[in-house]
Amino acid sequence: TYIMRLSTQVRGRRKEVERRYTGVKKTELRTIAADLQRELNDAAEKERAGLLMDETLTDFAKRWLAQSAATGRARVHTIENRTTHLERFVLPFLGDIAVRRLRRSQLSTWMAEIAQLRQTHGKHKGEPYRRQTLMTAWAVLRAMVKRAVVMCDLSQDPTTGIRFDVGDHVGFEERPKK
């Protein structure tokens, strides 16, 4: 009797399979091990794909920022600015939505919501955010979703054709210029 243990990694977790073989020749074990490892890797790949199918914008944002930093696609201060905009303007509103389920109507609702936001701290507490600040948040969201098209194999980009047009007023109050 031979006991064969093989393992693979799925999202940082170790997956292990143990099988017992009786009446098998020692020379056949290599072929059996290769087949079992292939089967285990295929199962792990399907699990990875399944996990990514339900990946939320919050989960993807972490992956996107980490990949941008690791590949040198963005400078450190750019990643810090993107993180700030994501944490303040995007993820509290859209973070729980699966990347694959993000719809244009949700983006439209998000735009209306953040256009009404007011600063919660600092010397400008209570004032609406500047137009440029909100436009930068939109640019960060658009860049992330465009990257998700590639990294998540999305069939379409839900931001395509949408224009974020922030007005100069919030209600009857003028939006700050600087």
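Above: the structure in question.
For the structure given in this document, a descriptive report is provided here. Here the structure is a predicted model, which means the values were calculated and not measured.

Calculation rules
- Residues numbered from 1 in each chain as written.
- Predicted model: local features only at pLDDT ≥ 70, side-chain atom pairs only at ≥ 80, totals over all residues.
- Heavy atoms only, no water.
- Helix = DSSP H or I, 4+ residues; strand = E, 2+ residues; numbered from the N terminus.
- Rg over C-alpha atoms; globule rule 2.2 N^0.38 Å.
- Buried < 20%, exposed > 50% of the residue type's maximum accessible area, 1.4 Å probe, protein only.
- Contact = heavy atoms within 4.5 Å.
- Areas by Shrake-Rupley, 256 points an atom, 1.4 Å probe, with all protein chains shown as cover.
- Lys, Arg positive; Asp, Glu negative; His and termini not counted.
- Charge placed at Lys NZ, Arg CZ, Asp CG, Glu CD.
- Expected span 1.5 Å × (residues − 1).

Turning our eyes to something else, we now look at the overall build of the protein. Looking only at helices and strands, the protein features five helices and four strands. For the protein, the N- to C-terminal ordering of α and β elements is β-β-α-α-α-α-α-β-β. What you see for the protein is a C-alpha radius of gyration of 24 Å, clearly larger than the 16 Å of a compact globule of 178 residues, by over 25%. For the protein, the C-alpha atoms occupy an extent of roughly 85 × 30 × 25 Å along the three principal directions. Per-residue burial over the protein gives 35% buried out of 178 residues. Counted over contacts in the protein with a minimum sequence separation of 6, partners at least 24 positions apart contribute 63%. Element-wise, carbon and sulfur atoms account for 48% of the exposed surface of the protein, whose accessible area totals about 11600 Å². Separation of charge centres in the protein, based on 35 positive and 22 negative side chains, amounts to 3 Å.

To continue, consider helix H2 (residues 57-71). Given a rise of 1.5 Å per residue, 15 residues ought to cover 21 Å, and the 20 Å separating the end C-alpha atoms of H2 matches this to within 8%. Where H2 is buried, its residues contact helix H3 (76-94) and helix H5 (131-151). At the C-terminal side of H2, Gly-72 shows a positive phi close to 75°.

Here Thr-159 lies in the loop between H5 and strand S3 (169-170). With a relative accessible area of 2%, Thr-159 lands in the buried category. Ignoring any residue separated from it by four or fewer positions in sequence, one finds Thr-159 in contact with Leu-107, Trp-138, Arg-142, Val-145 and Lys-146.

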